[in-house]
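Listed here are the chains, written in short residue letters.
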Amino acid sequence: MRNGVLSESPAVRRTLIALAVGFLTLFLVLPLLAVFSEALRRGLDLFIAAFAEPDTQAAIGLTLLVAAIAVPLNLLFGISAAWAVAKFEFPGKSLLVTLIDLPFSVSPVVSGLVFVLLFGAKGLLGPLIDDWDFKIIFAVPGIVLATIFVTFPFIAREVIPLMQEQGTAEEEAALTLGASGLRTFLTVTLPNVRWALLYGVLLCNARAMGEFGAVSVVSGHIRGLTNTMPLHVEILYNEYNFVAAFAVASLLAGLALVTLVAKSFLEGRYGDQLARAHRH
Amino acid sequence: MAIAIRAEGLAKSFNGTAAVRDLDLEVQPGELLALLGPSGSGKTTFLRLVAGLESPTAGRILFDNEDATALSVRDRRVGFVFQHYALFRHLNVAENIAYGLRVRPRATRPADAEIRRRVADLLDLVQLAGLGKRFPTQLSGGQRQRVALARALAVEPRVLLLDEPFGALDAKVRRDLRRWLREIHDRTGHTTLFVTHDQEEALELADRVAIFNLGNVEQVGTPDEILDHPATAFVAGFVGEAVRLPVNVASSSLRIGPHQLRISCGKVTGPAELFVRPHDLALATDSQPAILARVLAVRRTGPARRAELALADGLPTVEMELPAGHTARKGDILPVTLVNLRLFASR
Ligand SMILES: Nc1ncnc2c1ncn2[C@@H]1O[C@H](COP(=O)(O)OP(=O)(O)O)[C@@H](O)[C@H]1O
Ligand SMILES: [Mg+2]
C-alpha cells in the first residue's frame, strides 16, 4: 500500500478523504451537535427541569428496566447459541445460524406486529393470556419481548465466528486435565470470548435502549406507563415541547457516544480478537 | 507383567467411513511406543480413543487390565499433548501448568503453596524456569510444546499421549526436543504413546514402534525388528528408504527384470515384491551370484558415498552404499549382489 500500484495520486487521495469527512460531518456530527444545542438552547435550568417531569422519569426508568431484562437474556441466548453452533454438530445447524440473523432482515415494525398478532386481544394466544389476567400487548411484557427479539442477533453474531475459529482443542485439553464440562466452559470457553462478548453486550444495549419501531407497535404509548425514552421523545416533540424532547434525545445521543468510545477502545486494545469475529 | 493399555477389536468410523478398524494393541508399562504410519492411517483417532475424546464404534480399551471403555475423559487420567499445543491462551505458563491441579475437587486438591512448588519443579523439568509469567503467544513453538508437556505431566497421568508433538516445529528444534523427550521419559517412567509420521523420529526415540496402515496395526516391534524383519509388504515399503522391485521367484532363483539370481528365497514362490534398501546391496565377490548394474550417479550422504544404480531398463533405480575408498564413477558397470532378501508374495 505504501508504494507501488495501489497508491493513488495525492489529489485523488485528498478528494476522497474530504468527501468522506464532509459526508460524516453532514450526516453524523451536525445532527448530533444539533441535538445537544437544541436541548440546551433555553439554558441549563430548563434542560434539567425537563428531567424532573414524572413522565420523563418513568420513560427513563422503563428504558433501563427493559434493557436490564433484554440484555442479560440475550447474553444467555447468545452464549448458548454460539456454544451450540461452534462446538457441536447437529442437524438444522445452518438453519439456526440463518434464523439468528432474522431480526436484522425484518423491519422492526413487522417484528412488533408479530407480537400483536400473537398476544393481542384478538391474537392467537390472546384469549389464553386473558384468562390469567396478564397483559402483554400495550404493557411492559410486550415491550420487553419486542426488544429481546430485535436485539438478539447482536451478541450471538459477535461470539459465533470467534468460537468457531477457536475450535475445541482447548476444551478437550481441559477435559483431559480433569475439568468438568461446566468448569471447562467457565474457565476456558468464556474467558476466550470475553472481549467479543463485551462488545456484543455494548451493541445490544445501545439498540435495546434506542429501539423505536417494534416497541412503538406493542407499547400503546401510555404516558408514564408504557413509554420508553425513544417513544417519549416522539410524544414530546409532537407536543412542540422541543427543549424536553431534545433533552431526552440528548441522553440517547450520549449513550450512543459512550458506546462508540467503549467500542473503539475495545477495538484498539483487543482488535486482533475482535477482527477475527468480523472476517466473515 | 501387567499390561498398561490394551485395545481389543477397537473400531471407530465417522459417518460410515472407518478411521480405525478391528485394532488390537498392547502397551507395556513404562514403555515409549511410537505410532508410525502415513497421514490418514488412524493414528490420531486411535490416540483420541485411548484418551476418551472419541467413543469407539466397537471394541474395548483396558487400562491395567480394567475395562476403561465407559470411563469419561476426566476419569481416565491421561496426559494428552496436542499437535497444536492447545495451551489456554488467556492463562500464563504457570497457570496453564497448574490448571489440572486447580480443577481437582477440594478433597484431592493440593494446597496453593504445594501447587506453586509443583509448577516450579515442572518448569525446571521442561527447562522453562523463569518463564512462568509469560503468555503462550510470547513463546516459540518449541517452548509452547514443552509447556504443553509440563501441563500434561502435572496431573500425574497414568499414560502420556502425544499427537505429533513436534510436527509443527523446524528440523533442528525437532531433533533437540526428541532427545529431550527421551530423557524426560527415562526420568519419569511414564507409559507413553507417541504419534508421528516421521520414521526417523519413531525409530530413534521409541522402545517399540507400531506401524499403522488403513486404520489398523500392521506390525509392532522394536525398531530393529521393524527394520530387519518387516512383517508385511507395507511395513517393508514404508520404513527405511526401500525401493520396491517386482520380481518372480521360481525354484530357488530370483528373476529381476532380465536377470536371474540363484538365491534361496524361502517359502515365497511366483510373482513377488522385493524391497531393497541401500544396505541390502553390496559389491559381489567373484564367487557370488551377481547382477551387472550401471552406475547412474554417485552421491555423498553424510560420511558415506552412495551409488545410484540401474539394474535394468524399466525398473526403479536403487541405491547402494559404496565401500570406503571405492572409486566408482558415473557410467561404470558394477557386479552387485543382494545381502538381504525382503521378499513378499504379490497379492
Ligand atoms: N472428526 C472426524 N470426522 C470425520 N472423519 C474423520 C474425523 N477424524 C478423522 N477422520 C478420518 O479418519 C481417518 C483417520 O484420520 P486420523 O486418525 O486423523 O489419521 P492420522 O492421524 O493417522 O493422520 C482419516 O481418513 C480422516 O479423514
Ligand atoms: Mg494425525
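Above this text you will find the structure in question.
What comes next concerns the included structure. The shown structure was predicted, so the numbers you read here are calculated from the model rather than taken from an experiment.

The rules behind these values
- Residues numbered from 1 in each chain as written.
- Chains lettered and ligands numbered in written order.
- Predicted model: local features only at pLDDT ≥ 70, side-chain atom pairs only at ≥ 80, totals over all residues.
- Heavy atoms only, no water.
- Helix = DSSP H or I, 4+ residues; strand = E, 2+ residues; numbered from the N terminus.
- Buried < 20%, exposed > 50% of the residue type's maximum accessible area, 1.4 Å probe, protein only.
- Contact = heavy atoms within 4.5 Å.
- Areas by Shrake-Rupley, 256 points an atom, 1.4 Å probe, with all protein chains shown as cover.
- Lys, Arg positive; Asp, Glu negative; His and termini not counted.
- Charge placed at Lys NZ, Arg CZ, Asp CG, Glu CD.
- Pairing = 2+ DSSP bridges.
- Near = heavy atom within 4 Å.
- Polar contact = N/O pair within 3.5 Å; in protein donor to acceptor, adjacent residues only side chain to side chain.
- Buried area = accessible area lost by both parts, 1.4 Å probe.
- Salt bridge = Lys/Arg side-chain N within 4 Å of Asp/Glu carboxyl O.
- Phe/Tyr/Trp six-rings, centres within 6.5 Å; stacked < 30°, edge-to-face > 60°.
- Lys NZ or Arg CZ within 6 Å of the ring centre and 35° of its normal.

**Focus: the overall build of chain A**
Part 1: Secondary structure assignment for chain A yields 15 helices and zero strands.
Part 2: Its C-alpha atoms give chain A principal-axis dimensions of about 70 × 65 × 30 Å.
Part 3: A burial count over chain A gives 40% of its 280 residues as buried.
Part 4: Long-range pairs, those at least 24 residues apart, make up 72% of the contacts in chain A between residues at least 6 apart in sequence.
Part 5: On chain A, roughly 15,100 Å² of surface is accessible, and the fraction owed to carbon and sulfur atoms is 70%.
Part 6: Positive and negative side-chain charges in chain A, numbering 18 and 20 respectively, have mean positions lying 9 Å apart.

**Considerations on the pairing of strand β11 (residues 243-250) of chain B**
Residue and element names in this part refer to chain B.
Part 1: Alignment of β11 against strand β14 (residues 270-276), held across seven bridges, turns out to be antiparallel. In the sheet register, V249 faces β14, and the bridge partner there is G270.
Part 2: Of the strand pairs in this sheet, β11 and strand β12 (residues 253-256) are connected by three bridges, and their pairing is antiparallel. Paired with A250 across the bridge in β12 is S253.
Part 3: Turn length for the β11-β12 hairpin, with the two strands adjacent in sequence and antiparallel, is two residues, and the turn residue S251 shows positive phi of about 30°.

**Observations concerning the site of ligand 1**
All names here are of chain B.
Part 1: If you check the shell around ligand 1, you find F14, A19, P38, S39, G40, S41, G42, K43, T44 and T45 and nothing else.
Part 2: Taking K43, its side chain carries an N or O atom lying 2.8 Å from an oxygen atom of ligand 1.
Part 3: The contact in question runs from an oxygen atom of ligand 1 to an N or O atom on the side chain of T44, over 2.6 Å.
Part 4: Contact with the protein chains hides 56% of the accessible area of ligand 1, taken as 560 Å² for the molecule alone.
Part 5: At three residues, helix α1 (residues 43-51) tops the list of elements feeding residues into the shell around ligand 1.

**Observations concerning the interface of chain A and chain B**
Part 1: Between chain A and chain B, the contact holds 20 residues from the first and 19 residues from the second.
Part 2: Of the roughly 1,700 Å² buried between chain A and chain B, counting both surfaces, carbon and sulfur atoms make up 58%.
Part 3: Of all residues in chain A, the largest losses of buried area upon contact with chain B belong to E170, T176 and L177 of chain A, amounting jointly to 38% of the total for that side.
Part 4: Taken together, the connections running from chain A to chain B amount to two salt bridges.
Part 5: The partner of R89 of chain B in a salt bridge is E170 of chain A, and the shortest N-O contact between them spans 2.7 Å.
Part 6: At the boundary of chain A and chain B, one finds six residue pairs in polar contact (both at pLDDT 80 or more).
Part 7: Elements represented by at least two residues in the side of chain A that touches chain B include exactly α10 (169-176) and α11 (181-192) of chain A.

**Some words on the pairing of strand β17 (residues 304-310) of chain B**
Residues and elements named next belong to chain B.
Part 1: For β17, the buried fraction is high: six of the seven residues fall into the buried class.
Part 2: Sheet topology note: the strand β16 (residues 291-301)/β17 ladder contains seven bridges and is antiparallel. Its bridge partner being in β17, R294 is matched across the sheet by A310.
Part 3: Here β16 folds back onto β17, and the loop between the two strands holds two residues, one of which, G302, carries a positive phi near 65°.
Part 4: Bridge count between β17 and strand β18 (residues 318-322): five bridges; the pairing is antiparallel. Following the sheet pairing, R306 is matched in β18 by E321.

**Examining unusual backbone geometry**
Part 1: With a phi angle near 60°, F138 of chain A is a residue other than glycine that sits in the positive phi range.
Part 2: Looking at the element boundaries, F138 of chain A is found in the loop between α7 (126-131) and α8 (140-151).
Part 3: Its identity as a non-glycine residue notwithstanding, Q127 of chain B has a phi of 55°, on the positive side.
Part 4: As for its position among the elements, Q127 of chain B is in the loop between α4 (112-125) and α5 (141-154).

**What to know about the packing of aromatic side chains**
Part 1: Within the structure shown, the criterion is met by 18 aromatic pairs over all chains.
Part 2: Pairing F23 of chain A with F27 of chain A gives two aromatic rings, centres 4.7 Å apart and planes at 35°, and the pair type is tilted. Separated by four residues within a single helix, F23 of chain A and F27 of chain A lie in helix α1 (residues 10-39), roughly one turn from each other. F27 of chain A carries the same exposure label as F23 of chain A, and that label is exposed.
Part 3: With a centroid separation of 6.0 Å and an interplanar angle of 70°, the aromatic rings of F275 of chain B and F344 of chain B are classed as edge-to-face. One end of the pair, F275 of chain B, is in strand β14; the other, F344 of chain B, is in strand β20 (residues 343-345), and 69 residues separate them in sequence.
Part 4: By the ring-pair criterion, three or more aromatic residues cluster together here, those being F77, F115, F119, F149 and F152 of chain A.
Part 5: Across from the ring centre of F88 of chain B, 4.6 Å away, lies the NZ or CZ of R151 of chain B, which sits over that ring.

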